[in-house]
Amino acid sequence: MNKHYLIHTYGCQMNVHESEKIAGILRDMGYAACERSEEADVIVFNTCCVRENAEQHAFGNIGMLKKLKKENPGLVVAVCGCMTQQGRFAEKLGETFPYVDMIIGTYNIDKFGELLEKTLSTKKRLIEILDKNGEISEDVKPFRSSFPNAWVNIMYGCNNFCTYCIVPYVRGRERSRKPENILNEIKGLVKDGYKEITLLGQNVNSYGKDLGSGVNFACLLDEIGKIDGCFRLRFMSNHPKDLTEDVVLAVKRNKHACRAIHLPVQSGSDRILSLMNRRYDGKQIREKVAMIRKHIPDCAITTDLIVGFPTETDEDFSDTLAMVKEIRFDGAFTFVYSPREGTKAAVMDGQIEPEIKKARIMKLVDVQNGINRDISAEYVGKTVEILVEDYDEKRKCYLGRDERGRMAYFNSDSNIIGKFAEVEITSTGGMSLIGNVVSIKG
Ligand code: SF4
């Protein structure tokens, strides 16, 4: 009888992909996925400490396993990811949840199989938090569950030290994968029928700097552009200071690259950007946006925004609103600042009261939603190519996105997941699009 695993993933796409790697390792060891804790032999919590709610959510869910572990002492409970990479969390976890069997950090996830074997054979709690990253392992084959989309790491870590961010402390310095390994992985995915490939890194524009071979992100995009096949290419995330004209031109000439660039500006206030250590100001952001729109006029530009950073005044917040209205981002991930222990911003004077943060985020979301609705309305009457990603059981229709990232809903009599569909947009449902399939491509 197969043994079973269950993985709970918190946080960003980087973590989702790391869970796919853990799933790949477990499947190689003969485990199969299950959906209920009661069926599992191994339960993994792949944690995130970038957002406060992800942290609290993970703690809550680990706490719920106490009874199950009592009933099934053979169950292995493993906690990994960036929350455990912070030593104090590993300690707190160990003390709060004595039934957790494995606590490992971010640098040894590729060794998950070996560490699990060791835990099973010794029947003792294993804690392994390495304080520096080793070589990038190319041995782990992720088990992907996101067809027709696939995520491919091109680099790990970050050198930027934005004052609100914990990533450089828990993910280490930038390390790039060799281009040939990335290209081989992408060729394999295209051969397996994946239709949208997203390159992942904390700051993809820094790709290659550590390799010393002269290869950079623009070169990598050009090489991927030479791969035959019908697939879309996306990448995330960019640091605006490092987004060069070379990269934008490489996107423009790449036949696979979506006309969509994520430019996480975080704030529209020069004073707050300086306190965040972002190393650009509002003028430079506007110049980058103009440069993108000059070369790729129809390029979607999306962003990340934080409100309530320490000392943020009404005037600073107004600068953010003004930038959002002026640039008209195609979409924004909006966040309320929450202090991350160990970062510079967490100990800054002038932390903002929760009710002020709440009022600001509501205002910001309202403004951005209005822009989103207006942009969606401009689609009505047009026919756009949609990659069909899934079937929505609640709405009883298919869904997918155009290359600019806009979500569309439509009907089909046959299963068209993984295909490109020409969809005529007939109306909008708030920010998303609603339409009819005109034709299907392979
Ligand atoms: S660029 Fe800044 S926000 Fe992004 S991962 Fe690096 S330190 Fe964090």
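The paragraphs below set out a description of the structure included in this document. Positions within a chain are numbered from 1, following the residues in the order the chain's sequence is written. Reporting of local features is limited, given that this is a predicted model, to residues whose pLDDT is at least 70; pairs of side-chain atoms are given and counted only at 80 or more, and all residues count toward the totals for whole chains, interfaces and linings. Based on all heavy atoms of the structure, the side-chain values leave hydrogens and waters out of the count.

**Digging into the site of the ligand**
Point 1. Definition of nearness: a residue and a molecule or strand are near each other if at least one heavy atom of the residue lies within 4 Å of the molecule or strand. Around the ligand, the structure places Cys158, Asn160, Phe161, Cys162, Tyr164, Cys165, Val167, Pro168, Gln202, His239 and Arg278.
Point 2. Side-chain classes are defined by residue name, with Ala, Val, Leu, Ile, Met, Phe, Trp, Tyr, Cys and Pro counting as nonpolar, Asp, Glu, Lys and Arg as charged, and the others, Gly among them, as polar. Among the residues making up the shell around the ligand, the classes are represented as 7 nonpolar, 3 polar and 1 charged.

**A word on the environment of serine 338**
Point 1. Under the scheme used here, helices are H or I runs from DSSP no shorter than 4 residues and strands are E runs no shorter than 2 residues, and both carry numbers assigned from the N terminus. Along the chain, serine 338 falls in the loop between strand S14 (331-336) and helix H14 (354-377).
Point 2. A 1.4 Å probe rolled over the protein chains alone gives each residue an accessible area, and that area as a share of the maximum for its type sets the label: buried under 20%, exposed over 50%, partly exposed in between. On the basis of relative accessibility, which here comes to 17%, the residue serine 338 falls in the buried class.

**Let's talk about the packing of aromatic side chains**
Point 1. Centres within 6.5 Å are what make two rings of Phe, Tyr or Trp a pair, Trp counting through its six-membered ring; a difference in plane orientation under 30 degrees is then read as stacked, over 60 as edge-to-face, and the rest as tilted. Counted according to the given criterion, the structure contains 8 aromatic pairs.
Point 2. Arranged with centres 5.1 Å apart and planes meeting at 75°, the rings of phenylalanine 217 and phenylalanine 235 form a pair that is edge-to-face. Remark: phenylalanine 235 occurs in strand S11 (residues 232-236) and phenylalanine 217 occurs in helix H9 (residues 217-225); sequence separation between them is 18 residues.
Point 3. Taking relative accessible area as the criterion, phenylalanine 217 reaches 1% and is therefore assigned buried.
Point 4. The exposure class assigned to phenylalanine 235 is buried, which follows from its relative accessible area of 8%.
Point 5. Judged by centre distance (4.9 Å) and plane angle (70°), the rings of tyrosine 391 and tyrosine 398 are edge-to-face.
Point 6. On the accessibility criterion, tyrosine 398 (8% relative accessible area) is buried.
Point 7. Linked through ring pairs, Phe59, Phe97 and Tyr99 together constitute an aromatic cluster.

**Topic: the packing of helix H13 (residues 314-327) against H14**
Point 1. All axes are obtained by fitting lines to C-alpha atoms, using only the stretch in contact for helices, and the reported angles, taken between N-to-C directions, cover 0 to 180 degrees. Two elements in contact, H13 and H14, have axes separated by 10 Å at closest approach and are oriented at 10°. When the axes of H13 and H14 are compared, the pair comes out roughly parallel. From H13, Asp314, Phe317, Thr320, Leu321, Val324 and Lys325 reach across to H14, where they touch Arg360, Lys363, Leu364, Val367, Gln368 and Ile371.
Point 2. Its residues assigned to classes, the contact of H13 with H14 comprises 6 nonpolar, 2 polar and 4 charged. The scheme is simple: roughly parallel for angles under 35 degrees, roughly antiparallel for over 145, roughly perpendicular for 65 to 115, oblique for anything else. A contact between two residues is defined here by any heavy atoms of the two lying within 4.5 Å.

**Section: helix H8 (residues 179-191)**
Point 1. Taking 1.5 Å as the rise per residue, H8 with 13 residues should run 18 Å; its terminal C-alpha atoms sit 18 Å apart, in good agreement.
Point 2. For H8, every residue scored as buried is listed here: Pro179, Ile182, Leu183, Glu185, Ile186, Leu189 and Val190. The arc enclosing the buried residues of H8, seen along the axis, measures out at 160°, which places them on a common side.
Point 3. Looking at the buried residues of H8, the elements they touch are strand S7 (149-153), strand S10 (196-200) and H9.
Point 4. Trailing H8 by a residue or two, glycine 193 shows a phi angle of about 95°, which is positive. By this rule, a helix spans an expected 1.5 Å times one less than how many residues it contains. What the arc measures is the spread of directions leading from the helix axis to the C-beta atoms.

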